[in-house]
Amino acid sequence: MHVVIIGNGIAGVTAARWIRKLSDHQVTIVSAESEHFFSRTALMYVYMGHMEWQHIKPYEDWFWEKNRLDLVRGYVSEIDTNAKRLHFATDERTGCSTREPLQYDKLIIACGSVPNRFGWPGQ
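The residue count restarts for each chain, going from 1 along the sequence in the order it is written. At least 70 in pLDDT is required for a residue's local features to be given in this predicted model, at least 80 for side-chain atom pairs to be given and counted, and no such filter applies to totals for whole chains, interfaces and linings, which use all residues. Only hydrogens and water are set aside when side-chain values are computed; all heavy atoms of the structure are taken into account.

S.K.: I keep staring at the overall build of the protein and nothing clicks. Help me out?
M.R.: Secondary structure elements follow DSSP: runs of H or I no shorter than four residues count as helices, runs of E no shorter than two count as strands, and numbering proceeds from the N terminus. Scanning the protein for helices and strands turns up 3 helices and 7 strands. The N-to-C order of helical and strand elements in the protein reads β-α-β-α-α-β-β-β-β-β. With the principal axes as the frame, the protein shows a C-alpha extent of 45 × 35 × 30 Å. Relative accessibility under 20% of the residue-type maximum defines a buried residue, over 50% an exposed one, and the middle range a partly exposed one, all with a 1.4 Å probe and only protein chains included. For the protein, the residues scored as buried account for 31% of the 123 residues in total. Only heavy atoms enter the contact rule, under which two residues are in contact if any of them lie within 4.5 Å. Considering only contacts in the protein between residues 6 or more positions apart, those separated by 24 or more positions represent 54%. In the structure as shown, the protein presents an accessible area of about 8,700 Å², 52% of it carried by carbon and sulfur atoms. Two residue types count as positive, namely Lys and Arg, and two as negative, namely Asp and Glu; His and chain ends fall outside the count. For charged residues, the charge sits on one atom: NZ in Lys, CZ in Arg, CG in Asp, CD in Glu. Where the 14 positive side-chain charges of the protein centre and where its 14 negative ones centre are 6 Å apart. To measure how exposed things are, a 1.4 Å probe is used in the Shrake-Rupley method; for residues, cover is taken only from the protein chains shown.

S.K.: How should I be thinking about the packing of aromatic side chains in this particular structure?
M.R.: For any two aromatic rings, the description comes down to two numbers: the centre-to-centre distance and the angle of the planes. Aromatic contacts are taken between Phe, Tyr and Trp rings whose centres are within 6.5 Å, Trp giving its six-membered ring; a plane angle under 30 degrees counts as stacked, one over 60 as edge-to-face, and the others as tilted. One pass over the structure, following the stated rule, counts 4 aromatic pairs. Taken together, a centroid distance of 4.2 Å and an interplanar angle of 15 degrees make the contact between Y59 and F63 stacked. By relative accessible area, F63 is classed as buried at 10%. With a centroid separation of 5.0 Å and an interplanar angle of 90 degrees, the aromatic rings of F63 and W64 are classed as edge-to-face. The pair F63 / W64 is uniform in exposure class, with both members buried. An aromatic cluster of three or more residues is present, and its members are Y59, F63 and W64.

Laid out in structure tokens, this is it:
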């Protein structure tokens, strides 16, 4: 079985870790962001100069290969649930898709959230 997780944040990576712990399924994480998961809440400390980039990576670089977690870099533009296939965005410069469609058996969408904006002063 091939489990695909859209989202490389804490929810997506935690799901991948638990799937790996409980099964031998193929696990692929799809992300249009950084190469690997990092602590987004600690990012401000990197910008302020209190920490370095490697300090906000919760897992060592070898973690992904050791746990057989594949990473696909790309932006999902369409989910075909009938065919169980993900389609990726088109590169605006070339007009070509950035990747071939990706087949899955089970799909987890862990894309994060969007904050509410109420227009209050100081928000």
